Amino acid sequence: MPMKYQIYTSRNYRQITQFKSVRKEHLRDIDVVASVLPFKTNNYVVDELIDWDNYQNDPIFILNFPQRGMLQPNHFETMARLIDSNADAPTIKEAANKIRHQLNPHPAGQSHNVPEINGQKLTGAQHKYDETMLFFPTQGQTCHAYCTFCFRWPQFTGMDNLKFAMKEVDDVIDYIKAHPEITDLLITGGDPMVMNANILDTYISRVLEAKIPHLQTIRIGTKSLAFWPYRYISDPDAEDVLKIFEKVTKAGITLAFMAHFNHVRELETEAVQEAVRRIRATGAQIRTQSPLLNHINASSKVWSDMWTKQVKLGMIPYYMFVARDTGAQEYFGVSLTRAWDIFRNAYNKVSGIARTVRGPSMSCTPGKVKITGVTEIQGEKVFVLEFIQGRNREWVNRPFFAKYNPKALWMDDLEPAFGKKEFFFEEELAAMLLD
């Protein structure tokens, strides 16, 4: 019998049977934090992934259900007072929006990535790196469940001025045709796999019919394998979705399924393993990525187990990211020193097949900056850094150095080493952002 998809949000989550064992103060915390940050989960996550006997420390519970520490204390108290006093909805929304604007809603200079064609801004697209175009279809601007760490949280808060979305793909196709350096189209969101097969097919077919000679890869960024694997097994249009994937690969285009897995638990159910088999049978590649998250996966064993399991299932470990400087970063952030240590200790415990993974990587304004290591040069302790991707491709693979800072969580916390006033790319970057 097909699994029926059941959504839980702040309006109905108390109906979840397992919540009978959740303490009242934790229910209040969820209500307060969910008034600011988006909250949505589903019956698969609730019934098959969470250990309810240890819910307070369970990584999937923390991944889905808002926690008090995800808001700064003053922000939490502001919202708690309003909720406790039964303030009206417009008052609560106004206060929540003021807080949201303080949480860096567009990290990594996303607002500078919006491309133009024929004098028109493509507000549902981004083009930061030469080879890759991002497309945000309007119908894909939600998810089967929301990650509490999500760096695209503004997409789900109802603040349309903070949203990337586009209904039409034709302008994206025209832009790609005009930019032969673009080899990859990344369809992202939200989660494009919430779209029904007919809508997804419309977008994919238009791209394929355009026969763009330099387009080599279509990527789909999705959390659906972890949060709703029945999308590929028993949903009414599951078979149609798989046929769309086959259509791409039979057209000679690589389909790269960019799967988000944050913990090894997400790989252990029969449903996810069957979904992986079905997707791979279409000829698609599955590459895996996740940020490194305090309270969820800040352990080298979790990562080595996760990469080993992914390889066993036929997937390709791709990225370990550093938690972005947005939303609940203070709750999820891991120092760069600790991030490098966790990566290194996980990396050296897996076989060469799993060492396709790169990281820890910061997707920051200038590009994807990898922490290569910590060392000492001429008596100065430094971070060794390099670009995996850059706004200027000439920056890629060029080592550079930052003063060692044991408290640094993000690129903006770092200063150049050896007495230099700025990093080698900063002057050029500033000019780029003025354009």
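Residues numbered from 1 in each chain as written. Predicted model: local features only at pLDDT ≥ 70, side-chain atom pairs only at ≥ 80, totals over all residues. Heavy atoms only, no water.

- Under an unreviewed UniProt entry, the name given to the protein is KamA family protein, and the organism recorded is Natronoflexus pectinivorans.
- UniProt, in its Sequence similarities (unreviewed entry) section for the protein, records the words "Belongs to the radical SAM superfamily. KamA family." (UniProt positions renumbered as here; feature names shortened; annotations may be inferred.)

### Thoughts on the packing of helix H7 (residues 197-209) against helix H9 (residues 238-250)
Step number 1: Running from N to C, H7 and H9 point in directions that differ by 10°, and their axes come no closer than 10 Å. Classified by the angle their axes make, H7 and H9 are roughly parallel. For the pair formed by H7 and H9, the contact residues are Ala197, Leu200, Asp201, Ile204, Ser205 and Leu208 on the first element and Asp240, Val241, Ile244, Phe245, Lys247 and Val248 on the second.
Step number 2: For the contact of H7 with H9, the residue count by class is 8 nonpolar, 1 polar and 3 charged. (Axes fitted to C-alpha atoms, helices over the stretch in contact; angles between N-to-C directions. Helix = DSSP H or I, 4+ residues; strand = E, 2+ residues; numbered from the N terminus. Parallel < 35°, antiparallel > 145°, perpendicular 65-115°, else oblique. Contact = heavy atoms within 4.5 Å. Nonpolar A, V, L, I, M, F, W, Y, C, P; charged D, E, K, R; others polar.)

### Details of the environment of Thr269
Step number 1: Structurally, Thr269 can be placed in the loop between strand E9 (254-260) and helix H10 (270-280).
Step number 2: Assessed through its relative accessible area of 6%, Thr269 is described here as buried.
Step number 3: Beyond its immediate stretch of four places on either side in the chain, Thr269 contacts Tyr44, Glu48 and Leu49.
Step number 4: A polar side-chain atom of Thr269 sits 2.7 Å from a polar atom in the side chain of Tyr44.
Step number 5: In this structure the side chain of Thr269 is engaged in a polar contact, spanning 3.2 Å, whose partner is the backbone nitrogen of Val272. (Buried < 20%, exposed > 50% of the residue type's maximum accessible area, 1.4 Å probe, protein only. Polar contact = N/O pair within 3.5 Å; in protein donor to acceptor, adjacent residues only side chain to side chain.)

### Considering the pairing of strand E13 (residues 367-377)
Step number 1: Strand direction decides the pairing type here: strand E12 (residues 358-364) and E13, joined by 4 bridges, are antiparallel. Within E13, the position partnered with Met362 by the bridge is Val369.
Step number 2: Turn length for the E12-E13 hairpin, with the two strands adjacent in sequence and antiparallel, is 2 residues.
Step number 3: Bridge count between E13 and strand E14 (residues 380-390): 10 bridges; the pairing is antiparallel. (Pairing = 2+ DSSP bridges.)

### So, unusual backbone geometry
Step number 1: Of the consecutive residues Gly189 and Gly190, the connecting peptide bond is found in the cis state with omega at 25°.
Step number 2: Summarising the element assignment, Gly190 is placed in the loop between strand E7 (184-187) and H7.
Step number 3: Omega for the peptide link from Gly359 to Pro360 comes to -10°, which places this bond in the cis form.
Step number 4: Checked against the element boundaries, Pro360 lands in strand E12.
Step number 5: Although it is not a glycine, Lys211 adopts a positive phi angle of roughly 45°.
Step number 6: Positive phi outside glycine occurs at Phe418, with the angle close to 60°.

### Thoughts on the pairing of E9
Step number 1: Of all 7 residues that make up E9, 5 are buried, and the element is covered over most of its length.
Step number 2: Looking at chain direction, E9 and strand E10 (residues 285-292) are connected through 5 bridges and run parallel. Bridge pairing links Ala256 to Gln285 in E10.
Step number 3: Handedness of the crossover joining E9 and E10 through H10: right-handed. (Right-handed = clockwise from strand over helix to strand, strands pointing away.)

### Details of the domain arrangement of the protein
Step number 1: When cut into domains, the protein gives domain 1 (7-102) and domain 2 (110-351).
Step number 2: Domain 1 and domain 2 are separated by 25 Å when their C-alpha centres are compared.
Step number 3: Facing the 26 residues of domain 1 at the interface are 33 residues of domain 2.
Step number 4: Carbon and sulfur atoms supply 65% of the area buried between domain 1 and domain 2, which totals about 2500 Å² over both sides.
Step number 5: Together, Lys40, Tyr44 and Leu63 form the three largest contributors to the area buried by domain 1 at its contact with domain 2, with a combined 27%.
Step number 6: Where domain 1 meets domain 2, there are 0 salt bridges.
Step number 7: Between the two partners, domain 1 and domain 2, sit 10 residue pairs in polar contact (both at pLDDT 80 or more).
Step number 8: By residue class, the composition of the side of domain 1 that touches domain 2 is 14 nonpolar, 9 polar and 3 charged. (Domains from an automatic or database assignment. Buried area = accessible area lost by both parts, 1.4 Å probe. Salt bridge = Lys/Arg side-chain N within 4 Å of Asp/Glu carboxyl O.)

### Points about the pattern of salt bridges
Step number 1: Applying the stated criterion across every chain yields a total of 23 salt bridges.
Step number 2: Put simply, Glu239, Glu274, Arg277 and Arg278 are held in one network by salt bridges that share partners.

### Observations regarding the side chain of Gln329
Step number 1: Mapped onto the elements of the fold, Gln329 is located in helix H12 (residues 329-332).
Step number 2: For Gln329, a relative accessible area of 16% puts it in the buried group.
Step number 3: Sequence-distant contacts of Gln329, defined by excluding residues within four places in its chain, comprise Ala323, Arg324, Leu409 and Trp410.

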